[in-house]
Amino acid sequence: MLCPDLSICDLPASEKLVWPAFPANSGHGRADDAAVRAPFSATNISARLENPDINPIVGPGRTAAMVAKEFEAYKNKQRALAAANRDSMLYPIYQGDYLLVRLATGAAPLSLHRVSNGLFMEDACSNDATFTSVEYTHTPQNGVPGFFGSFEARKNLSYNKNDPSSGNVFVRHRSLSRDQVVMYDVQCFYLEAKKVLRISLSSLKELSQLLPEEFPFPSMLPST
C-alpha cells in the first residue's frame, strides 16, 4: 500500500495508470446568448457533460414536468436564435419534433414525420445530423386543399410481433438528414376527444408561404 503523502508522479512508469486513446468527440456546439455558434471541441466535452444545458435529474423538489418545461424553454430559445441568425446557425432538430419531409428528390410527395431516435441535444444544430423518424399518413378534410385534416402514424403492414426482422408496428425511416427536411418544427396538436392529430393553423400558413403552388392557403377556413 502506498504512503498517503506519496505523489503519483513519483511512481515508476510501469505502475502508473495509462488511459487508452479514445476517439475524439465530434459533437457540435450551439449558439450562446450572444448568438455566436462556436464549434464544440473535444477540449471542453468534460465541462459540457458535467454542466449540461438541462439538468435531467428528477427527485424531491424536481418533477419530470419541471424538467420538461425547462427543456421546452431551452428549445424555444435555440429556435429563436436560429431564426434570427440564419447565416451562422442551422435550425435545430430535437427528439419528438414534427417535420415535413420529402423522402426523395423531385416531385416526391411531402409527408409528416416525427423524430423518434438518433438525435442528442448536442447534435440539434449539426449540419450532418441523421435521425430516425416515424411517418404519418394524411386523411384530407373534405373540400379543403393541403394538409388540413388529420394524421396518424403509418402502420407497417408487414409487422409480425413474432418476427423481429419485420420491423416496428409503425413505419420508421432511418438515417434521414437535413437534405430531406422541407419544414422544421411543425406545430401539431391532438383533439383529445377523438385522439386525432392535426397540424396547427400557424404551421399550415407557414407551409403555404413556403410552397404556395403546392399548398395554397384556402380563402375560407373550415369550421373545424
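Refer to the structure presented above.
Residues numbered from 1 in each chain as written. Predicted model: local features only at pLDDT ≥ 70, side-chain atom pairs only at ≥ 80, totals over all residues. Heavy atoms only, no water.

Caption draft 1: Inspection of the nonpolar core at higher detail. If you look at the biggest cluster of nonpolar residues, it comprises 19 residues, and the most contacted ones within it are L100, L112, Y136, F147 and L207. Secondary structure elements with two or more residues in this core: β1 (98-102), β2 (110-117), β3 (131-140), β4 (149-153), β8 (196-199) and α3 (201-210). Within the second largest apolar cluster, 9 residues are counted, among which are L99, V115, A129 and L176. (Core = buried A, V, L, I, M, F, W, Y, C linked by side-chain atoms within 4.5 Å. Buried < 20%, exposed > 50% of the residue type's maximum accessible area, 1.4 Å probe, protein only. Helix = DSSP H or I, 4+ residues; strand = E, 2+ residues; numbered from the N terminus.)

Caption draft 2: Inspection of the layout of surface pockets at higher detail. Counted as a void, the second largest pocket has a volume near 280 Å³. Those elements that provide at least two residues to the lining of the second largest pocket are α2 (64-84), β6 (181-183) and α3. Ranked by the residues each element gives to the lining of the second largest pocket, the list is headed by α3, at 4 residues. Tallied by class, the residues present in the lining of the second largest pocket amount to 6 nonpolar, 3 polar and 4 charged. (1 Å grid on protein atoms, 1.4 Å probe; cavity = no way out; pocket = protein on both sides within 12 Å on 5 of 7 lines; lining within 4 Å. Points joined across faces, edges and corners; volume = space filled by probe spheres on them. Nonpolar A, V, L, I, M, F, W, Y, C, P; charged D, E, K, R; others polar.)

Caption draft 3: Here's a closer look at a nonpolar patch on the surface. Among the surface-exposed residues, Y159, V169 and F170 lie close enough to one another that they form a single nonpolar patch of about 250 Å² accessible area. Relative accessible area serves as the criterion here: at 35%, F170 is assigned to the partly exposed category. (Patch = residues over 30% accessible without salt bridge, like charges linked within 9 Å, V, L, I, M, F, W, Y side chains within 5 Å. Areas by Shrake-Rupley, 256 points an atom, 1.4 Å probe, with all protein chains shown as cover. Salt bridge = Lys/Arg side-chain N within 4 Å of Asp/Glu carboxyl O.)

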